[in-house]
Amino acid sequence: MKKRRFWARFRRNRLAMTGLIMVAASFVISLAAPWLAPYDPNHIDLQAVLLPPCAEHWWGTDPLGRDVLSRIIFGSQVSLKVGFVSVGLATLIGLLVGSLAGFYGGWVDYLLMRLVDLMLCFPSFFLILAVIAVLEPSIWNIMVVIGFTSWMGVARLVRAEFLSLREREFVVAARALGASDLRLIFVHLLPNALAPVMVSATLGVAGAILTESALSFLGLGVQPPTPSWGNILTAGKDNIEIAWWLSFFPGLAILLTVMSYNFLGEGIREAVDPRLKD
Amino acid sequence: MLVYLVKRLLLMAPMLVGITLVSFVVIHLAPGTPVEMQTTLNPKVSLEAQKRLQELYGLDQPLLVQYGQWLKRVVRLDFGRSFSPDRRPVWDKIRERLGITISLNLLSLFIILAVAIPLGVLSACRPHSWFDRATTVLVFFGFAMPTFWLALLLIMFFGVYLDWLPVSGLTSLNFPRFSLWQKIQDLAAHITLPVLVAAFGGLAGMSRYMRGTMLEVIRQDYITTARAKGLSERTVIFKHALRNALLPVITILGLSVPGLIGGSVIFESIFAIPGMGQLFFGAVMARDYPLVMGELVIGAVLTLLGNLLADVGYALVDPRIRTG
């Protein structure tokens, strides 16, 4: 796929552009959080506890009188970090396992694919929770755990691509010219297998953000006072009968962010899929 | 068919070993030993008692030996005793909650199928119609909606604002004194929201998938033939197309089992439902390692069984699989 053609198709795809703009906006919000947030996200004001949305606090305040809007703006940093680091890790592992299995085939392939099957047997949320139970819940542990439990899809994709590319003329020719295994993998095979990986990584960011917020909601993720969308929702649940804004706004933030990555991922898929005509 | 079944069952054995191995490794990532976990929390335990506990758990043995001994007990469904004050066997605790989680998940699977299949078929029959577009939007919402947020919104609307439905537990306090009819009503009211929440996530994926396979089937030659024969559109869609499009759904059902089981942690702890998920969440919070390990193994075994059922179901309806 030529880069320019990809761009041409990508730009004409409304879904993809919407996704890209939304993702870019979320980047700007989290990078510019200190300037955008109207208050210090951890500033406790016991005179202003559980205020509904009003002129001073657009999205209300929480049980400690902290500004919900500011906490949500800063919470986007957590989502972004977890999303990218864990998916980066998962993609690296997936690329490694998938290329080894697809390139060498035989018993290497067999063993690695059985490992993939095995990992897919665990309800991933169970596995993540069990590891969190053993380690301390913290943002770093969450990233690592999500990364280590979500690489299987990428591995399967890369393996399938390698299997279909392995016997193609340009690879056979490169091998005949004496290219080393490493050169074959990194120069000839991997670049040709990257398109589906890109799609799955983009969708993976959405999944990781959902998982992190669920963990933080259960109190097993990012620990207060660090604001994350999930742990603001915990306060929302505890005050569900009196403070709708505590539940409504952070959830909306998660929904929109996750949706933007899904749009972007689907858009990239449509732009790189050779079956869809220009 | 029997040969196929036996082959499938035999393939499960190494997977089971793998599952237990992974669970064992995960728990042993823990700093400190289970004995320290129990004793440092309880200063009354003497050093001698600690040693006895260590021998009981076989902690003085090498790790591989420990795993072997543990595996021998696990095969007999003996996961040891919970660390919680009641010190009950892990399997007893899981067993009494297994039924609730499985029934709720089956119920939500049923809802997923009942809603997603018509949705997918209708939007595939009229691609790019307003109905298809509306479903697509719904699907994107379904994919992005955090289930726990949906749960909170439903609680706020139906539980707090309208005050129509109870939002916690499976039954009301005075349940034992109800008549049978009242009991059924009470139970139904309690599980409505949790089942809706559990079904919602799968709904999006399933209807999208149904639409995709249906679109593919409709393009096949035998559908054109059926239409050319002059069969009514109804017969073509429901008899010729739908039957074939339903085949891969069986596989997707099997694949959705781990998601449902994992999701039960969330909806059961939000709605305070005494199922496996809630038990697991409590075990994680309390660092109750034997219970965590037991749940992990049982959760994976359920997934394995779900996949097995899906494969067997597929083989039953598709002769190419069982003979091929």
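Everything that follows concerns the structure shown earlier in this document.
Residues numbered from 1 in each chain as written. Chains lettered and ligands numbered in written order. Predicted model: local features only at pLDDT ≥ 70, side-chain atom pairs only at ≥ 80, totals over all residues. Heavy atoms only, no water.

S.K.: How should the overall build of chain B be read in this particular structure?
M.R.: Counting its secondary structure elements, chain B contains 14 helices and zero strands. Listing every helix and strand of chain B by position from the N terminus yields α-α-α-α-α-α-α-α-α-α-α-α-α-α. Split by element, the accessible area of chain B, about 17,100 Å² in all, is 67% carbon and sulfur. (Helix = DSSP H or I, 4+ residues; strand = E, 2+ residues; numbered from the N terminus. Areas by Shrake-Rupley, 256 points an atom, 1.4 Å probe, with all protein chains shown as cover.)

S.K.: Sorry, what's going on with the packing of aromatic side chains here?
M.R.: Two descriptors summarise a pair of aromatic rings, namely the distance from one centre to the other and the angle between the planes of the rings. Considering all chains together, one arrives at 20 aromatic pairs over all chains under this definition. Look at Phe217 of chain A and Phe148 of chain B: their rings are 4.8 Å apart centre to centre, the planes differ by 20°, and that puts the pair in the stacked class. Taken together, the positions of Phe217 of chain A in helix H10 (residues 181-217) and Phe148 of chain B in helix H7 (residues 147-161) put the pair across two chains. With relative accessibility at 1%, the residue Phe148 of chain B sits in the buried group. (Phe/Tyr/Trp six-rings, centres within 6.5 Å; stacked < 30°, edge-to-face > 60°. Buried < 20%, exposed > 50% of the residue type's maximum accessible area, 1.4 Å probe, protein only.)

S.K.: Would you mind showing me how to read the interface of chain B and chain A here?
M.R.: Where the parts come together, the accessible area they lose is often given as the size of the interface. Contacts between chain B and chain A engage 44 residues on the former and 41 residues on the latter. Surface buried jointly by chain B and chain A totals about 3,800 Å² across both partners, of which 85% is contributed by carbon and sulfur atoms. Counting the surface chain B buries against chain A, the share from its top three residues, Phe140, Phe148 and Trp149 of chain B, is 18%. Viewed at the interface, chain A and chain B are joined by zero salt bridges. The interface formed by chain B and chain A holds four residue pairs in polar contact (both at pLDDT 80 or more) in total. Elements supplying a minimum of two residues to the side of chain B that touches chain A: helix H1 (2-27), helix H6 (130-144), H7, helix H11 (257-270), helix H12 (276-285) and helix H13 (289-317) of chain B. Considering only residue class, the side of chain B that touches chain A consists of 36 nonpolar, six polar and two charged. (Contact = heavy atoms within 4.5 Å. Buried area = accessible area lost by both parts, 1.4 Å probe. Salt bridge = Lys/Arg side-chain N within 4 Å of Asp/Glu carboxyl O. Polar contact = N/O pair within 3.5 Å; in protein donor to acceptor, adjacent residues only side chain to side chain. Nonpolar A, V, L, I, M, F, W, Y, C, P; charged D, E, K, R; others polar.)

S.K.: Sorry if this is basic, but what is going on with the pattern of salt bridges here?
M.R.: Note on pairing: side chains with opposite charge can pair once their charged atoms come close. Evaluation of the coordinates by the stated rule reveals 14 salt bridges over all chains. The shortest N-O distance in the salt bridge between Asp62 of chain A and Arg71 of chain A comes to 3.9 Å. Judged by relative accessible area, which is 4%, Asp62 of chain A ranks as buried. With a shortest N-O distance of 3.9 Å, Arg73 of chain B and Asp78 of chain B are connected by a salt bridge. With a relative accessible area of 28%, Arg73 of chain B lands in the partly exposed category. The structure contains a network of salt bridges with shared partners spanning Asp62, Arg66 and Arg71 of chain A.

S.K.: Would you explain empty space enclosed by the protein in this entry?
M.R.: Rolled over the atoms, a probe with the dimensions of a water molecule shows which regions are left empty. Residues and elements named next belong to chain B. The tally for this structure, following the rule as stated, stands at one cavity of 30 Å³ or more. Considering only enclosed or pocket space, the largest cavity measures out at about 40 Å³ in volume. Breaking the lining of the largest cavity down by element, the ones donating at least two residues are H6 and helix H8 (180-218). Per-element accounting of the lining of the largest cavity gives the leading share, four residues, to H6. (1 Å grid on protein atoms, 1.4 Å probe; cavity = no way out; pocket = protein on both sides within 12 Å on 5 of 7 lines; lining within 4 Å. Points joined across faces, edges and corners; volume = space filled by probe spheres on them.)

S.K.: Looking at this structure, I do not really get the environment of Ile72 of chain A. What am I missing?
M.R.: Residue and element names in this part refer to chain A. The residue Ile72 is located in helix H4 (residues 68-104) in this model. Along the sequence, Ile72 and Pro41 sit 31 residues apart, while their C-alpha atoms lie 8.4 Å from each other. For Ile72, the contacting residues outside a window of four places in its chain are Trp59, Trp229, Ile232, Phe249, Pro250 and Ala253.

That is the geometry; function is a separate question.
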